[in-house]
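Results of the structural survey
Each chain is listed here by its residues.
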Amino acid sequence: MPGNIMVKSCSDNDFPSKLTGQVLVCSIIAAFGGLMFGYDIGISGGVTSMDDFLKKFFPIVYVKKHKARENNYCKYDNEYLQLFTSSLYLAAILSSFAASFFCKIWGRKPTIQVASIFFLAGAILNAVAQNLGMLIAGRLCLGAGVGFGNQAVPLFISEIAPAKYRGGLNICFQLLITIGILIANIINYFTSKLHPYGWRISLGGAAGPAIILLLGSILISETPTSLIERGKNEKGLEVLKKIRGVDNVDKEYSEILNAIELAKQVKSPFRNLIMKRSSWPQLFCGTILQVFQQFTGINVVMFYAPVLFQTMGLGGDASLLSAVVTDSINVAATLIAIFTVDRIGRRLLLIEAVMQMLVAQSVMGATLAKHLKSTNIMPKHYAVVVLILICVFVSGFAWSWGPLGWLIPSEIFPLETRSAGFFFAVSMNMLCTFLIAQTFLSMLCRMRSGIFFFFAAWIVVMGLFAIFLLPETKGIPIDEMNEKVWKKHWLWKRCYEDCGEKKLQEKKEDFKIQENLDDKSLA
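Residues numbered from 1 in each chain as written. Predicted model: local features only at pLDDT ≥ 70, side-chain atom pairs only at ≥ 80, totals over all residues. Heavy atoms only, no water.

Our working rule: UniProt positions are given in the numbering used here, feature names are shortened, and annotations may be inferred rather than shown by experiment.
Labelled according to an unreviewed UniProt entry, the chain appears under the name Major facilitator superfamily (MFS) profile domain-containing protein, originating from Hevea brasiliensis. Checking UniProt for the chain, the heading Sequence similarities (unreviewed entry) contains the comment "Belongs to the major facilitator superfamily. Sugar transporter (TC 2.A.1.1) family." Quoted verbatim from the Subcellular location (unreviewed entry) heading of the UniProt record, the comment on the chain is "Membrane".

Here's what the structure looks like:
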């Protein structure tokens, strides 16, 4: 494993550390969990637009697709076709709950390994599927892999990364998601010409990132926090020195020990997260970010880009190629996020992107409303305009709500509720993704171009949230968020003030009881 010192990091808000090769390699290998997730997002839309796939599993959709006078917006409206895409996310919700316990008891590294095994099994099932039942079973296995992977990977990276570089390193997860989407659509472009088994190659290709993650996870180190949390203090200290590249880690080690001691006092993290007022700010912000991430409408583009472009009148090859173009923009914009998030902060990226996405969604909706009717073919130059607008929209999402939707929840929860809190975030993401995937084609059929205005309204709400309710977390050590972020926010500090007053009152009552006992003993 590389261990050369890359960049020194030591600021007022950071512990002594260096950005080591060890941290970089561990972060990149773990981020291959994102490649698995992204590959599946990208592969689904392309496969569902392939005639060979539709004829075998969804013959009704195949007939509607080629019917001359079929409504442009309703060609793909089929609950079973939507279930093919959305069933993965239903499984991910349930598996992320199990993963939150597995992650805490066995560690982040084994959780990542389990994710890769589930995903590998799902890829094999889908590649050899003979009927819809096998196909859905494969999707459920993939969903279990996504649930375990998305629960463990962002936490893993946040816990090993120095605070100064945590944002950029964590966004490697989102970068690999975007690369996975791009690779999937490139594969779809070529396999769509391989009749009648091209779709099997596309679906079976998910085994590639799963194998890479499974083999790579053997090389990575467990996080110091997870090791110490499970009583392996000496090993945790050794790994901490290794990943920080310095011997003077006493302050950070002490901070981890204090966080773990505090966490041990919490017998039920889920109950504590819901019932304790000081946990509400993180719970609200962590989960609502996932809602907003999905209700930007991004997965409409990512899941169904080829279907959407075919709806606008582009041919099969042109629609897949257009999806590749938008995915390339997605990757490039995510790279921008990696190099800017720890410089200009989280909130500024979110707020700028809201304005960019709002304009793109609104103009897209207006263009489709005017030029794409129920049965006409949209003029090619207007289809190109919509493609450009989608690229503008995707770029705004990719350097903001996409990566930060995973980064911020992974860094804001204290250790005692970290796994439980991140479970709520992941499961909310999967639930919203499931709802969008299961309903979008039906919504497109009924709302037509109005669906873009539906998502634009959500973007307005997102902007208000980022401006007024979300604090900045740039450069703050992960175990100091409460003191340096939440207790200083204009609204959320009230949750801590009430808790502080309650604790003070309890201390006063304890003191009075002790005084009475002392008086009785003297008497």
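1. Focus: the overall build of the chain
Quick reminder of the rule: In this text, helices come from DSSP runs of H or I with a minimum length of four residues, and strands from runs of E with a minimum of two, each type numbered from the N-terminal end. Only protein chains enter the area calculation, which uses a 1.4 Å probe; residues under 20% of their type maximum are buried, those over 50% are exposed, and those in between are partly exposed. Using a 1.4 Å probe, accessible areas were evaluated by the Shrake-Rupley method; residue-level cover was limited to the displayed protein chains.
For the chain, the helix and strand inventory stands at 23 helices and 2 strands. The buried share of the chain, taken over its 523 residues, is 60%. Accessible surface for the chain amounts to roughly 20500 Å². Of this, 66% is attributable to carbon and sulfur atoms.

2. Observations concerning the nonpolar core
Just so we agree on the cut-off: Definition used in this section: a nonpolar core is a set of buried Ala, Val, Leu, Ile, Met, Phe, Trp, Tyr and Cys residues joined via side-chain atoms within 4.5 Å. By definition, residues are in contact when any of their heavy atoms lie within 4.5 Å.
Phe53, Phe393, Trp401 and Met430 are the most contacted members of the largest nonpolar core, which has 135 residues in total. Excluding anything up to four places from it in sequence, Phe53 contacts Val47, Thr48, Phe58, Phe84, Leu135, Trp199 and Leu203. Membership of the second largest hydrophobic core comes to 10 residues, among which are Tyr253, Ile256, Ala259 and Leu415.

3. Brief notes about the pattern of salt bridges
Convention followed: For this document, the term salt bridge refers to a Lys or Arg side-chain nitrogen within 4 Å of an Asp or Glu carboxyl oxygen.
Enumeration over the complete set of coordinates arrives at 14 salt bridges. Between Asp40 and Arg139 there is a salt bridge, with the nearest N and O atoms lying 2.5 Å from each other. Taken together, the residues span a long stretch of sequence, with Asp40 in helix H1 (residues 21-47) and Arg139 in helix H6 (residues 132-160) at a distance of 99 residues. Classification of Asp40 as buried rests on a relative accessible area of 3%. Classification of Arg139 as buried rests on a relative accessible area of 0%. Residues Arg108 and Glu159 are paired through a salt bridge, measuring 2.6 Å at the closest nitrogen-oxygen approach. Taken as a pair, Arg108 in helix H5 (residues 108-127) and Glu159 in helix H6 lie far apart in primary sequence, 51 residues in all. Within the structure, one salt-bridge network assembled from shared partners comprises Lys104, Arg108, Glu159, Glu229, Arg418 and Asp479.

4. A look at the packing of H6 against helix H20 (residues 418-447)
The test is simple: Helix axes use the C-alpha atoms of the stretch in contact, all axes being lines fitted to C-alpha atoms, and the angles between their N-to-C directions lie in the range 0 to 180 degrees. Each angle gets one of four labels, with under 35 degrees taken as roughly parallel, over 145 as roughly antiparallel, 65 to 115 as roughly perpendicular, and the rest as oblique. For any pair of crossing helices, the crossing counts as left-handed if the nearer helix is rotated counterclockwise from the farther one by less than a right angle, and right-handed if it is rotated clockwise. Residues are grouped as follows: Ala, Val, Leu, Ile, Met, Phe, Trp, Tyr, Cys and Pro are nonpolar; Asp, Glu, Lys and Arg are charged; all remaining types, including Gly, are polar.
Running from N to C, H6 and H20 cross one another at 130 degrees; their axes reach a closest spacing of 10 Å. In terms of orientation, H6 lies oblique with respect to H20. Our pair here, H6 against H20, has a crossing hand that is right-handed. When H6 is examined against H20, the residues Val146, Asn150, Gln151, Pro154, Leu155 and Glu159 are found in contact with a partner set consisting of Arg418, Ser419, Phe422, Phe423, Val426 and Met430. When grouped by side-chain class, the residues that make up the contact of H6 with H20 number 7 nonpolar, 3 polar and 2 charged.

5. Here we look at the packing of aromatic side chains
The line we're drawing: In summary, the pairing rule links any two rings of Phe, Tyr or Trp, Trp by its six-membered ring, whose centres are within 6.5 Å, and it sorts them by plane angle into stacked for under 30 degrees, edge-to-face for over 60 and tilted for everything else. Over a ring means this: the NZ of a Lys or the CZ of an Arg is within 6 Å of the ring centre and within 35 degrees of the ring normal.
Counted under the stated rule, the structure contains 27 aromatic pairs. Judged by centre distance (5.3 Å) and plane angle (80 degrees), the rings of Tyr189 and Phe190 are edge-to-face. Cluster of aromatic residues (ring-pair linked, three or more members): Phe284, Phe292, Phe295, Trp401, Phe454, Phe455, Trp458, Phe465 and Trp492. Lying across the ring of Phe84, Arg139 places its NZ or CZ 4.7 Å from the centre. The lysine or arginine in question, Lys193, covers the ring of Tyr189, its NZ or CZ lying 4.7 Å from the ring centre.

6. Concerning a nonpolar patch on the surface
Going by this rule: Residues with no salt bridge and a relative accessible area higher than 30% make up the patches, which join like charges within 9 Å and nonpolar side chains (Val, Leu, Ile, Met, Phe, Trp, Tyr) within 5 Å.
Side chains of Val460, Leu464, Ile467, Phe468 and Trp490 sit close together on the surface and give an oily, nonpolar patch of about 490 Å² of accessible area. Judged by its relative accessible area of 46%, Leu464 falls in the partly exposed class.

7. Structural notes on the side chain of Gln174
Relative to the helices and strands, Gln174 is located in helix H7 (residues 166-191). When its relative accessible area of 6% is taken as the criterion, Gln174 is described as buried. Filtering out sequence-adjacent residues up to four positions away, Gln174 remains in contact with Thr334, Phe397, Gly402, Pro403 and Trp406.

8. A word on helix H4 (residues 79-106)
To be explicit about the condition: Helices are assigned an expected span. That span is 1.5 Å times one less than the residue count. Here the bend at each residue means the angle between axes fitted to two seven-residue stretches, the one ending at that residue and the one beginning there.
The first and last C-alpha atoms of H4 sit 38 Å apart over 28 residues, in line with the 40 Å expected at 1.5 Å per residue. Remark: the principal bend of H4, roughly 45 degrees, maps to Thr85. Looking one or two places after H4, you find Gly107, whose phi comes out positive at around 115 degrees.

9. A few points about the packing of H5 against H6
It is the contact of H5 with H6, at a shortest axis distance of 7 Å, that shows an interaxial angle of 155 degrees. By the angle class used here, H5 and H6 are roughly antiparallel. Once H5 is placed against H6, the crossing between them reads as left-handed. Grouping the constituent residues of the contact of H5 with H6 by class yields 19 nonpolar, 6 polar and 3 charged.

10. Looking at the side chain of Ser395
Residue position: Ser395 is located in helix H18 (residues 380-398). The residues contacting Ser395, other than those within four sequence positions of it, are Ile329, Ala333 and Gln356.

11. Remarks on the confidence of the model for the chain
Going by this rule: Along the chain, pLDDT gives the predictor's confidence residue by residue, from 0 to 100.
Residue-level pLDDT values for the chain average 85, and 86% of them are 70 or greater. Predicted confidence for residues 1-12 stays below pLDDT 50, and this span has 34 contacts to residues more than four positions away or in other chains. Ignoring residues within four places in sequence, the model shows residues 510-515, a span with pLDDT below 50, making 0 contacts including any to other chains.

12. Considerations on H7
The end-to-end C-alpha separation of H7 is 38 Å, in line with the 38 Å expected for 26 residues at 1.5 Å each. At Phe173, H7 shows its maximal kink, close to 30 degrees.

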